[in-house]
Amino acid sequence: SISAGLDLPGRFLFATLTLMTLIAILVFIEEAVYIYRKIPSSKRSIIIWINAAAPVISTTSCIGMWVPRSTMFTNFTAGIFFALIIHKFLMMMIKECGGQKVLLRRFENGLFTISTGPCCCCCLCLPRVPITRRTIFWLKLGTFQLAVFRPVLVFLSIVLWTNGNYVLYNVSPKGPALWINCFIGALTLCALWAVGIMFRKVRILLKCKNIIPKFALYQFIVILNQLQTNIINMLATQRIIPCAPPLSSTARGSYIAQQLLIMEMFLITVISRVVYRRKYHDLEPLECVAEEPEDKQQDP
């Protein structure tokens, strides 16, 4: 039992983190009830899904902290939810613009800037593409592919893990872990790129909807859940994070990552409640909407 090997400060830390997880869940439930009552049905479910990201990641991290053997399954759950949230955030931006038809009318003859992060932020020579049904379809597909393929790849990882062929922290080219993680990383970058392209176009229009703080919270979830966790695991794999008996370096790195995520996701849950609970002004009528200054100069 994990709790049996903990000293008094360790038990206090575990209890505090568990309490933070429970509070995050309660805050989300209260926020979901508010959204269900106050938000129009067309946007209700998407906003609830996005608000659920931090509490779900906090819960899976708490379970992984108490039951170390469940790490593969908690990562599987968090990975699926993370992939869905990226797609939901793109759909939320389209919904906040009034839907796809209204978005096309607002940005008629407009252009998407595809030289944006995380894939092409340095490729300033890339051409701008017109905003059409086809380009919006490709952006949706860019996020939807992650929601489809990531669960399949993580499920494959669990199957290989149960058979002893998949070692979570083995980065050897001969093992499947490196190749599966690289493929998941490439799919994730493509999905984030699609969201970045859409955000760059609608950020001025949706300023009255506080889209910038919402996007910032979404970015924090991406960075903390993916980049921070991977960096800590890499440090643990290279023994830079020392072992602390009875915990090995990799086990200790996993504990550190999970405990940090619980605290960070708790803060994001509280901040999300403030950001998404505000009452926002409606968008201006179509005939009064002005496009971004750069579009005025470069659009035909």
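Owing to the predicted nature of the structure, the values given are computational and were not obtained by experimental measurement.

Caption draft 1: Seen up close, the UniProt feature "transmembrane region" (unreviewed entry) in the protein. Using the residue numbers shown here, the UniProt feature "transmembrane region" (unreviewed entry) corresponds to residues 12-34, 46-67, 73-91, 137-158, 178-199, 211-236 and 256-276. When the span residues 73-91 is considered, its composition is 100% helix and 0% strand, and the gap between its end C-alpha atoms is 28 Å.

Caption draft 2: Local environment of the packing of aromatic side chains. A complete count under the given rule lists 9 aromatic pairs for this structure. Seen from their ring centres, Phe-14 and Tyr-255 are 6.1 Å apart, and the 55 degrees between their planes marks the pair as tilted. Residue Phe-14 is located in helix α1 (residues 8-38), and its partner Tyr-255 is located in helix α9 (residues 249-277); the two are separated by 241 residues in the primary sequence. Across this residue pair, the class does not change: Phe-14 and Tyr-255 are buried. A ring pair is formed by Phe-89 and Phe-215, whose centres lie 6.0 Å apart and whose planes are at 50 degrees; its orientation type is tilted. Of this pair, Phe-89 sits in helix α4 (residues 71-96) while Phe-215 is found in helix α8 (residues 211-237), placing the two residues 126 residues apart along the sequence. Residue classification places Phe-89 among the buried positions, given a relative accessible area of 0%. Since its relative accessible area comes to 12%, Phe-215 is described here as buried. Joined through ring pairs, the aromatic side chains of Phe-89, Phe-199, Phe-215 and Tyr-218 make up one cluster.

Caption draft 3: Fine view of the packing of helix α7 (residues 176-202) against α8. Running from N to C, α7 and α8 point in directions that differ by 165 degrees, and their axes come no closer than 12 Å. Taken together, α7 and α8 sit at an angle that is classed as roughly antiparallel. Two packed elements cross with a definite hand, and for α7 against α8 that hand is left-handed. Contacts from Leu-192, Val-195 and Phe-199 in α7 reach Ile-211, Ile-212, Phe-215, Tyr-218 and Val-222 in α8. Here the contact of α7 with α8 is composed, by residue class, of 8 nonpolar, no polar and no charged.

Caption draft 4: Layout of the environment of Gly-110. For Gly-110, the position within the fold is in the loop between α5 (100-106) and β1 (111-112). Sequence spacing of Gly-110 and Thr-132 is 22 residues, and the spatial spacing of their C-alpha atoms is 8.8 Å.

Caption draft 5: Region of the structure containing the layout of surface pockets. Of the pockets and cavities examined, the largest pocket occupies roughly 1300 Å³. If you go around the largest pocket, you meet 50 residues; those closest to its centre are Arg-150, Asn-225, Gln-226, Thr-229 and Asn-230. Going through the elements one at a time, α3 (53-66), α4, α6 (133-162), α7, α8 and α9 are the ones with two or more residues in the lining of the largest pocket. At 13 residues, α8 tops the list of elements feeding residues into the lining of the largest pocket. The residue makeup of the lining of the largest pocket, split by class, is 26 nonpolar, 23 polar and 1 charged.

Caption draft 6: Just the side chain of Glu-264, in detail. Locating Glu-264 in the fold gives a position in helix α9. Glu-264 has contacts with Leu-224 and Gln-228, leaving out every residue within four places of it along the chain.

Caption draft 7: Region of the structure containing a nonpolar patch on the surface. Taken together, the side chains of Phe-137, Trp-138, Leu-141, Phe-144, Val-148 and Phe-149 present a nonpolar region at the surface, about 590 Å² in accessible area. Along the chain, Phe-144 falls in helix α6. For Phe-144, a relative accessible area of 42% gives the class partly exposed.

Caption draft 8: Representation of the pattern of salt bridges within the structure. For the structure shown, the criterion picks out 3 salt bridges. A salt bridge links Glu-96 to Lys-214; the shortest N-O distance between them is 3.7 Å. On the criterion of sequence distance, the pair formed by Glu-96 in helix α4 and Lys-214 in helix α8 is long-range, its members being 118 residues apart. A single burial state applies to Glu-96 and to Lys-214, both of which are buried. One network of salt bridges, in which partners are shared, links Lys-43, Glu-96 and Lys-214.

Rules used in this analysis
- Residues numbered from 1 in each chain as written.
- Predicted model: local features only at pLDDT ≥ 70, side-chain atom pairs only at ≥ 80, totals over all residues.
- Heavy atoms only, no water.
- UniProt positions renumbered as here; feature names shortened; annotations may be inferred.
- Helix = DSSP H or I, 4+ residues; strand = E, 2+ residues; numbered from the N terminus.
- Phe/Tyr/Trp six-rings, centres within 6.5 Å; stacked < 30°, edge-to-face > 60°.
- Buried < 20%, exposed > 50% of the residue type's maximum accessible area, 1.4 Å probe, protein only.
- Axes fitted to C-alpha atoms, helices over the stretch in contact; angles between N-to-C directions.
- Parallel < 35°, antiparallel > 145°, perpendicular 65-115°, else oblique.
- Left-handed = near helix turned anticlockwise from the far one by under 90°.
- Contact = heavy atoms within 4.5 Å.
- Nonpolar A, V, L, I, M, F, W, Y, C, P; charged D, E, K, R; others polar.
- 1 Å grid on protein atoms, 1.4 Å probe; cavity = no way out; pocket = protein on both sides within 12 Å on 5 of 7 lines; lining within 4 Å.
- Points joined across faces, edges and corners; volume = space filled by probe spheres on them.
- Patch = residues over 30% accessible without salt bridge, like charges linked within 9 Å, V, L, I, M, F, W, Y side chains within 5 Å.
- Areas by Shrake-Rupley, 256 points an atom, 1.4 Å probe, with all protein chains shown as cover.
- Salt bridge = Lys/Arg side-chain N within 4 Å of Asp/Glu carboxyl O.

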